[in-house]
Number of protein chains: 4
Amino acid sequence: MNPRYQGIIPPMITPLSGRDTLDSAGLERLVERLIRGGVSGIFALGTTGEAPSLSYRLRRELIEQTCRLAAGRVPVLVGITDTSLVESAALAAHAATCGADAVVTSAPFYFPAGQPELREFIEELLPELELPLMLYNMPALTKTSFSAEVVEWALDQESIVGLKDSSGDLVYFRRMRRLAASQRPDWSFLVGPEELLAESVLLGGHGGINGGANLHPALYVALYEAARSGDLQLARDLSARVMDLSESIYRVGRHGSAIIKGLKCSLSILGVCDDFMAAPFHRFHPTERETIRARLHELGICE
Amino acid sequence: MNPRYQGIIPPMITPLSGRDTLDSAGLERLVERLIRGGVSGIFALGTTGEAPSLSYRLRRELIEQTCRLAAGRVPVLVGITDTSLVESAALAAHAATCGADAVVTSAPFYFPAGQPELREFIEELLPELELPLMLYNMPALTKTSFSAEVVEWALDQESIVGLKDSSGDLVYFRRMRRLAASQRPDWSFLVGPEELLAESVLLGGHGGINGGANLHPALYVALYEAARSGDLQLARDLSARVMDLSESIYRVGRHGSAIIKGLKCSLSILGVCDDFMAAPFHRFHPTERETIRARLHELGICE
Amino acid sequence: MNPRYQGIIPPMITPLSGRDTLDSAGLERLVERLIRGGVSGIFALGTTGEAPSLSYRLRRELIEQTCRLAAGRVPVLVGITDTSLVESAALAAHAATCGADAVVTSAPFYFPAGQPELREFIEELLPELELPLMLYNMPALTKTSFSAEVVEWALDQESIVGLKDSSGDLVYFRRMRRLAASQRPDWSFLVGPEELLAESVLLGGHGGINGGANLHPALYVALYEAARSGDLQLARDLSARVMDLSESIYRVGRHGSAIIKGLKCSLSILGVCDDFMAAPFHRFHPTERETIRARLHELGICE
Amino acid sequence: MNPRYQGIIPPMITPLSGRDTLDSAGLERLVERLIRGGVSGIFALGTTGEAPSLSYRLRRELIEQTCRLAAGRVPVLVGITDTSLVESAALAAHAATCGADAVVTSAPFYFPAGQPELREFIEELLPELELPLMLYNMPALTKTSFSAEVVEWALDQESIVGLKDSSGDLVYFRRMRRLAASQRPDWSFLVGPEELLAESVLLGGHGGINGGANLHPALYVALYEAARSGDLQLARDLSARVMDLSESIYRVGRHGSAIIKGLKCSLSILGVCDDFMAAPFHRFHPTERETIRARLHELGICE
């Protein structure tokens, strides 16, 4: 029995053309680009998708359009992370209606949940869900990590199918994978930070939900394949290219928003979609945009 | 020119009778209790009100009912803190329609905003608001504090009317008040932690948005008056009573939710309203409830 | 029975003329200045004294000279905070030999001690000490706070005589004072941040160990007296002056070292002592020094 | 030109038989055990060696004995991390006299150093050192990380020869290694957490300073060799054994001290050395010791 999700599942940026307006043409180009790049799925409404910054109306529209555009060629996973269980469940129901493949939730992130509270939250959410659920560990933004005890409980829930770990802590990632080893060979363990994709897959992880795959999906897919097949030298080379991309594109702005800004700016330069950002963020200024353009050129990504 | 808001403005707990159901009868009893207790306003949909855990539908219903019940006897302030500016603005418009007096916002709290991003977020929000805005500093839950630079900018915005500080850091509170001193005598500086109400008002603060005022509004109003009028001995005595309440009622559970749980449980014991809590929290178990009951008795609050 | 220590006990800066050289003449002038300013004691080798940055040889020399210079006119308290219990005990023995009045310790600060470990550390240290011990809560630098449980244990130890709290968290300060209230009227509760001196003393604290008292001891002594005697208006006025000093002198540099740098630079400008600093810090550059000089002038401290 | 240090260099625990007494016989057995296990060096007085908890007298004794026992068979690296530059330099001089091969320093750890202050601290320390210096990144305990800017400066200092990274953040590790790539092929990049040894070496790291190598040096050496030579399957298997050891031995106590306690307890059970610990820690109680014994048995380490 294999993990349900393997390979590269980009946390799709959300193309916007205004405060509450989807860039639909951009979204179509982006989805085609990802699928053409060989991704194993699309994760809509994650952190990179600026999900918490979007209105619920726009989130629902994005789910509909993404599912329609993917058209069953790759599974669509939908982020339903919210501070309100009622809103999480409503979004999950909408995702099911639209034909999504699974939903993904992190911890409720205003109040820092204690571990029993976190388990109970998931426990209460489960019966509301028609789709399988993937857990999403993102302690830097949710203030809490899924503990070993909660993950052990989750392993007993048939409808929970995996863990995306964006903690950046590979020790945690390996500990959780070790817990699941014999009991749930169908669980997927996917890593968030793309700089750790090679390492995690070489040691038995199942793939990555990596922001950079928005920009250059084929590179991340190739790196995943190299690591999965044990081609160490190729994995090293491609991983070095991912590091180059990361150091070039994600370090232009000063704030935590630099990664998403860099991705959106790059996709805008490449003509894929608009780089409008939801508050509290803003697109790069022209000088920063020129820096990004020059770096894309150096990386051989920009024509 | 006096501060717009002075005195005790309880951050009202949200009486619930189910996951997405308001306890309307309880809400009516609670609002009457607060007004009878002499409060200077009601702050709906704050942290103590579990706002981020509620559906938007329920938030709108709460705003309507609270404004209707207050009926102009005291001003109603409405929390519109959100991760999405669009949803914040929509809630603010609803509050204006319902007759609220002001809206209150903290920082967007999923992505930790850099200071320029925080300022821009408020700057973009302002033109969307019909009502005056109070800032709400809550770094433990929003990951960011309103810096001196942002507060200095806010002092130049006519429609921003004050700062509620729940950081627990009185040095910060005094620094911000000092910035405003000559420029904006109309700004209100209100303190969150009730254990600091006496100290802050003695040194020139304007009042408190204190959770315990849900339970015993008259005590907090009396303490505010004692401190405001410089009756040091009375302020000390009443402040000691507030400490007793805090140590008795807020320390029963293990998690961060202990304060809200203690308040809701107490109000339920007093027959004011239901103690149902929104996920990820749950009401106290019977043994904890008995502990609260005994402590209310010791405090002389319970009959 | 009164608290052993009341009033202002400056955490004395350590005058240095080189990496491992005491500025003895400066130390003499500083000690005289403090005593003339009306302080109730001198706390040598605290955080403001850069204690952890000094060699043990220099620390011993400083203890000797300070005790000799104070000459019994005011009690000398000696910081023995260390990561090594053996070195703490050795320093305490030296302090006793030199005629110090008490020793002061925070938590061992490399390994973050769990609460039972913290209690055991103090428990093991106590029999090594000839002098009374004051606890020093400094969680920002030691990674751990003395919990209510540990303070309750400490209240049962006759040779522990008080708590200096530099957490900046007045809720904590009041909770600890409340624990001691009936059991140990002889305990001293002293507050670290000078911006909270008025508030804490008005509500029953016993004084302050405030850095600014190095620079202007009489101001802090007067503020303490005003607050202690309940002269609210005077306390407000003097507290505003302390805020002015704090905002002027402690905000020149960018790093955590700005407070100590500002104090040493000011004392150097006033001709009291050298402003050499122990690594990892350095004295201000000439332009920053001129800023400090101008601000001292505005504050009316500099001639 | 090859990195100066490659392979496994255990951060040696410090065998103690009392508060200020070295267990000399135990130290001799431990050093022999490590060298027999194939290690590439010994790192004395690191975090695992409880260095900050030891008196300076004992630290000097440990340096002497370790250098004498190693007798040039493997290089000895000596931790000189301190809050006082003067004491750091004195310890480094002693290490040079005793025949150590290099010294290792982290950031001064009481005051959180700003990055310019951190660079200046190292810059001032360098001329005091006769031996090469390795940087030791340990932000969880020193409150500060060596930034990319400081590492870039360090790459220009001939006498600095590498970086040990105990942050647990492999993204950081790879970013720093990338900075050094072309400029300093002689630098060693060694990883602290043993759970990341396989990953880091597979992607080009040079080895590990892993606590578990005190207990089972041959396992870590074999894992290093497997990863270095690209034997992926063997690296996975041995890495799984390291995870088993880590999950078995390091999780018995509740506090941060659990790792060192588990190691010392295990070595005591194996008859290597005493498990006395320096304050603020204490050896395991008998029941915890029996748990460790059973787990060593399961791991096949205990006879």
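Preceding this section is the structure that the text describes.
My aim in this report is to walk through the structure given alongside it, one point at a time. (Residues numbered from 1 in each chain as written. Chains lettered and ligands numbered in written order. Predicted model: local features only at pLDDT ≥ 70, side-chain atom pairs only at ≥ 80, totals over all residues. Heavy atoms only, no water.)

### Here's the deal with the overall build of chain A
Reasoning step 1: Across its full length, chain A holds 12 helices and 10 strands.
Reasoning step 2: On C-alpha atoms alone, chain A measures out to a radius of gyration of 18 Å, which is about the 19 Å that the 2.2 N^0.38 rule sets for 303 residues.
Reasoning step 3: Along the first, second and third principal axes, the C-alpha atoms of chain A reach 50 × 45 × 35 Å.
Reasoning step 4: Relative to its full complement of 303 residues, chain A shows a buried share of 67%.
Reasoning step 5: Of the contacts formed within chain A by residues at least 6 apart in sequence, a portion of 74% connects residues at least 24 apart.
Reasoning step 6: Carbon and sulfur atoms provide 48% of the accessible area of chain A, an area that totals close to 9,800 Å².
Reasoning step 7: Computing the positive centroid from 29 side-chain charges and the negative centroid from 37, chain A places the two 4 Å apart. (Helix = DSSP H or I, 4+ residues; strand = E, 2+ residues; numbered from the N terminus. Rg over C-alpha atoms; globule rule 2.2 N^0.38 Å. Buried < 20%, exposed > 50% of the residue type's maximum accessible area, 1.4 Å probe, protein only. Contact = heavy atoms within 4.5 Å. Areas by Shrake-Rupley, 256 points an atom, 1.4 Å probe, with all protein chains shown as cover. Lys, Arg positive; Asp, Glu negative; His and termini not counted. Charge placed at Lys NZ, Arg CZ, Asp CG, Glu CD.)

### Focus on the environment of P3 of chain C
All names here are of chain C.
Reasoning step 1: You can see P3 is positioned in the segment before β1 (7-8).
Reasoning step 2: By relative accessible area, which is 12% here, P3 ends up buried.
Reasoning step 3: In this view, P3 contacts P185, D186, W187, S188 and H206; residues no more than four positions away in its chain are not counted.

### A few points about the side chain of E50 of chain A
Reasoning step 1: Looking at the element boundaries, E50 of chain A is found in the loop between β4 (42-44) and α2 (56-70).
Reasoning step 2: Separated by 2.6 Å, the side chains of E50 of chain A and K264 of chain A make a polar contact.
Reasoning step 3: Only 3.0 Å separates the side chain of E50 of chain A from the backbone nitrogen of A278 of chain A, close enough to count as a polar contact.
Reasoning step 4: Those residues in contact with E50 of chain A that lie beyond four places of it in its chain are T14, L16, I260, K264, M277 and A278 of chain A together with F111 of chain B. (Polar contact = N/O pair within 3.5 Å; in protein donor to acceptor, adjacent residues only side chain to side chain.)

### Examining the interface of chain A and chain B
Reasoning step 1: Listed by partner, the interface residues are 42 residues for chain A and 42 residues for chain B.
Reasoning step 2: Interface of chain A and chain B: buried area, both sides summed, is about 3,800 Å²; carbon and sulfur atoms make up 62% of it.
Reasoning step 3: Considering only the surface of chain A that becomes buried against chain B, R19, Y110 and F111 of chain A emerge as the three largest contributors, covering 21% of it.
Reasoning step 4: Linking chain A to chain B there are 6 salt bridges.
Reasoning step 5: R19 of chain B is the salt-bridge partner of E124 of chain A, the closest N and O atoms lying 3.4 Å from each other.
Reasoning step 6: Across the contact surface, chain A and chain B share 20 residue pairs in polar contact (both at pLDDT 80 or more).
Reasoning step 7: Secondary-structure elements contributing two or more residues to the side of chain A that touches chain B are α3 (85-98), α4 (115-125), α5 (139-142) and α11 (258-269) of chain A.
Reasoning step 8: Considering each element in turn, the side of chain A that touches chain B owes the most residues, 6 residues, to α4 of chain A.
Reasoning step 9: Considered class by class, the residues forming the side of chain A that touches chain B number 20 nonpolar, 11 polar and 11 charged. (Buried area = accessible area lost by both parts, 1.4 Å probe. Salt bridge = Lys/Arg side-chain N within 4 Å of Asp/Glu carboxyl O. Nonpolar A, V, L, I, M, F, W, Y, C, P; charged D, E, K, R; others polar.)

### Examining the interface of chain B and chain C
Reasoning step 1: Contacts between the two partners involve 26 residues from chain B, matched on the other side by 26 residues from chain C.
Reasoning step 2: A combined buried area of about 2,300 Å² lies between chain B and chain C, and 58% of that area is made up of carbon and sulfur atoms.
Reasoning step 3: Our count for the contact surface shared by chain B and chain C stands at 6 salt bridges.
Reasoning step 4: The shortest N-O distance in the salt bridge between E199 of chain C and R174 of chain B comes to 3.3 Å.
Reasoning step 5: The tally of links between chain B and chain C comes to 12 residue pairs in polar contact (both at pLDDT 80 or more).
Reasoning step 6: Elements that contribute at least two residues to the side of chain B that touches chain C include exactly α7 (170-180), α8 (197-202) and α10 (232-249) of chain B.
Reasoning step 7: Counting residues per element, the side of chain B that touches chain C draws most heavily on α10 of chain B, at 7 residues.
Reasoning step 8: Residue classes in the side of chain B that touches chain C are distributed as 12 nonpolar, 4 polar and 10 charged.

### Concerning the relation of the copies chain B and chain C
Turning one copy of the chain about an axis and sliding it along that axis gives the other copy, so a rotation and a shift relate them.
Reasoning step 1: Its rotation angle being 180 degrees, the transformation that places chain B on chain C also includes 0.0 Å of axial translation and leaves an RMSD of 0.0 Å. Expressed as an axis order, the relation between the two copies is that of a two-fold axis. Closest to the rotation axis within chain B is the C-alpha of E199 of chain B, separated from it by 2.5 Å.
Reasoning step 2: Both copies present the same face, since 100% of the interface residues in chain B are matched by interface residues at the equivalent positions in chain C. (Least-squares fit on C-alpha atoms with pLDDT ≥ 70 in both.)

### Considerations on the sheet that holds strand β5 (residues 76-79) of chain C
All names here are of chain C.
Reasoning step 1: Here we have 8 strands laid out as an open sheet, ordered β1-β10-β9-β8-β7-β6-β5-β4, and parallel in their pairing. Looking at the sheet topology across the chains shown, the edges are occupied by β1 and β4 (42-44).
Reasoning step 2: Relative to strand β6 (residues 102-105), β5 is paired through 3 bridges, and the arrangement is parallel. Its bridge partner lying in β6, L77 is registered against A102. (Pairing = 2+ DSSP bridges.)

### As for the packing of aromatic side chains
All names here are of chain C.
Reasoning step 1: Applying the stated rule across the entire model yields 28 aromatic pairs over all chains.
Reasoning step 2: Ring centres of F173 and F189 lie 6.2 Å apart, and the angle between their planes is 90 degrees; this geometry places the pair in the edge-to-face category. Here F189 lies in strand β9 (residues 188-191) and F173 lies in helix α7 (residues 170-180), a separation of 16 residues in the sequence. The same class applies to F173 as to F189, namely buried. (Phe/Tyr/Trp six-rings, centres within 6.5 Å; stacked < 30°, edge-to-face > 60°.)

### Some words on the pattern of salt bridges
Residue and element names in this part refer to chain A.
Reasoning step 1: Enumeration over the complete set of coordinates arrives at 80 salt bridges over all chains.
Reasoning step 2: Ionic pairing is found between R57 and E61, a salt bridge with its closest N-O pair at 2.9 Å. Taken together, the residues span about one helical turn, with R57 and E61 both in helix α2 at a distance of 4 residues.
Reasoning step 3: We classify R57 as partly exposed; its relative accessible area is 37%.
Reasoning step 4: According to the relative accessible area criterion, E61 is partly exposed, its value standing at 21%.
Reasoning step 5: A single salt-bridge network, built from bridges that share partners, covers D274, D275, R283 and R289.

### Points about the relation of the copies chain A and chain B
Reasoning step 1: Screw-axis analysis of chain A against chain B gives a translation of 0.0 Å along the axis, an RMSD of 0.0 Å, and a rotation angle of 180 degrees.
Reasoning step 2: Interface residue correspondence from chain A to chain B reaches 100%, placing this contact among same-surface, isologous pairings.

### Description of the sheet that holds strand β5 (residues 76-79) of chain A
Residues and elements named next belong to chain A.
Reasoning step 1: Judged by pairing direction, the sheet is parallel, and its 8 strands sit side by side in the order β1-β10-β9-β8-β7-β6-β5-β4 without closing on themselves. Sheet topology places β1 (7-8) and β4 at the edges, where each strand pairs with a single neighbour.
Reasoning step 2: As defined by bridge partners, strand β8 (residues 160-165) adjoins strand β9 (residues 188-191) across 4 bridges and the pair is classed as parallel. Paired with L163 across the two strands is F189, which belongs to β9.

### Comments concerning the packing of helix α2 (residues 56-70) of chain B against helix α3 (residues 85-98) of chain B
All names here are of chain B.
Reasoning step 1: With their axes 9 Å apart at the nearest point, α2 and α3 run at an angle of 25 degrees to one another. Between α2 and α3, the crossing angle belongs to the class labelled roughly parallel. Seen along the crossing, α2 lies across α3 with a hand that is right-handed. Of the residues in α3, those touching α2 at Y56, R59, R60, I63, E64 and C67 are E87, L91, H94, A95 and C98.
Reasoning step 2: Of the residues contributing to the contact of α2 with α3, the split by class is 6 nonpolar, 1 polar and 4 charged. (Axes fitted to C-alpha atoms, helices over the stretch in contact; angles between N-to-C directions. Parallel < 35°, antiparallel > 145°, perpendicular 65-115°, else oblique. Left-handed = near helix turned anticlockwise from the far one by under 90°.)

### Let's talk about the environment of P193 of chain D
Reasoning step 1: Here P193 of chain D shows up in the loop between β9 (188-191) and α8 (197-202).
Reasoning step 2: Looking at P193 of chain D, the relative accessible area reads 17%, which means it is buried.
Reasoning step 3: A C-alpha to C-alpha distance of 27 Å links P193 of chain D and P116 of chain D, two positions 77 residues apart in sequence.
Reasoning step 4: If we skip the residues at most four places from it in the chain, P193 of chain D touches V171 of chain A together with D165, S166, G168 and N210 of chain D.

### Points about the state of the cysteines
Here, the word disulfide means a covalent bond between the sulfur atoms of two cysteines.
Reasoning step 1: One pass over the structure, following the stated rule, counts 0 disulfides over all chains.
Reasoning step 2: Free cysteine: C273 of chain A, not disulfide-bonded; nearest cysteine sulfur from C265 of chain A at 11 Å.
Reasoning step 3: The exposure class of C273 of chain A is buried, given its relative accessible area of 6%.
Reasoning step 4: C98 of chain C takes part in no disulfide bond, and the closest cysteine sulfur, belonging to C67 of chain C, lies 5.4 Å away.
Reasoning step 5: Given the relative accessible area of 22%, C98 of chain C is considered partly exposed. (Disulfide = S-S within 2.5 Å.)

### Re the arrangement of the chains
Reasoning step 1: A gap remains between chain A and chain C, with no contact made and the closest C-alpha atoms lying 17 Å from each other.
Reasoning step 2: One thing to see here is that chain B and chain D don't touch, and their nearest C-alpha atoms sit 17 Å from each other.

### Overview of the packing of α3 of chain A against α4 of chain A
All names here are of chain A.
Reasoning step 1: Look at α3 against α4: their axes get within 10 Å of each other, and the N-to-C directions meet at 40 degrees. As the angle between them shows, α3 and α4 are arranged oblique. As for how α3 packs across α4, the hand of that crossing is right-handed. Contacts between α3 and α4 involve L85, S88 and A89 from the former and F121, E124 and L125 from the latter.
Reasoning step 2: Partitioning the contact of α3 with α4 into residue classes produces 4 nonpolar, 1 polar and 1 charged.

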